[in-house]
Amino acid sequence: MKALAFAAMVSAAASAALADSDHRKGTEGLSPLDYAVENTGATVLSCDVKLAHWYSDHLATIAPQAQGGFTLWSDAATGAVYLMNEAQDRMPVERLWCGRDGRSWETRHEIDLARRGGAVATAPILRCAAQETATDCR
């Protein structure tokens, strides 16, 4: 009986969480965050994101002394930041970083996400240089 009551409680909680989550697709109602990254260093730079549920995705690879970029999407009402996949699913972004290609997490420079609920956010223009053990972005 306790197991049945527990299962019902878990099911109700899961249903409530699903009802509260954002399953909309596409960029309608969102603002683009166009990140420009200049690699001022001597080694290849990689920029990546951590998405919900501990999944990471690659955004850009930038050669030394070159420029690159990527686009994330912001919900001005909530401050949420999303990456769109090929199916135009809104994938919530939890962290953003750039680092030495092949070791971006270990050498990362975390980049503040433009989370500004109630205002349209803008992405910074970044100048990054990856070293052997760390990366500096300004």
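Please refer to the structure higher up on the page.
Here the structure is a predicted model, which means the values were calculated and not measured.

Parameters and conventions
- Residues numbered from 1 in each chain as written.
- Predicted model: local features only at pLDDT ≥ 70, side-chain atom pairs only at ≥ 80, totals over all residues.
- Heavy atoms only, no water.
- Disulfide = S-S within 2.5 Å.
- Buried < 20%, exposed > 50% of the residue type's maximum accessible area, 1.4 Å probe, protein only.
- Phe/Tyr/Trp six-rings, centres within 6.5 Å; stacked < 30°, edge-to-face > 60°.
- Lys NZ or Arg CZ within 6 Å of the ring centre and 35° of its normal.

Draft legend 1. Spotlight on the state of the cysteines. The tally for this structure, following the rule as stated, stands at 2 disulfides. The disulfide partner of C128 is C137, and the gap between their sulfur atoms is 2.1 Å. One quick way to see it: the torsion about the S-S bond of C128 and C137 is about 115°, and its sign makes the bridge right-handed. Side by side, C128 and C137 carry an identical accessibility label, which is buried. Sequence-ordered numbering of the bonded cysteines in the protein gives a pairing of 1-2, 3-4.

Draft legend 2. Highlighting the packing of aromatic side chains. A full pass over the atoms with the stated rule returns 2 aromatic pairs. Between R90 and the ring centre of Y82, over which it is positioned, the NZ or CZ distance is 5.8 Å. The ring of W105 has R108 lying over it, and the distance from NZ or CZ to the ring centre is 3.7 Å.

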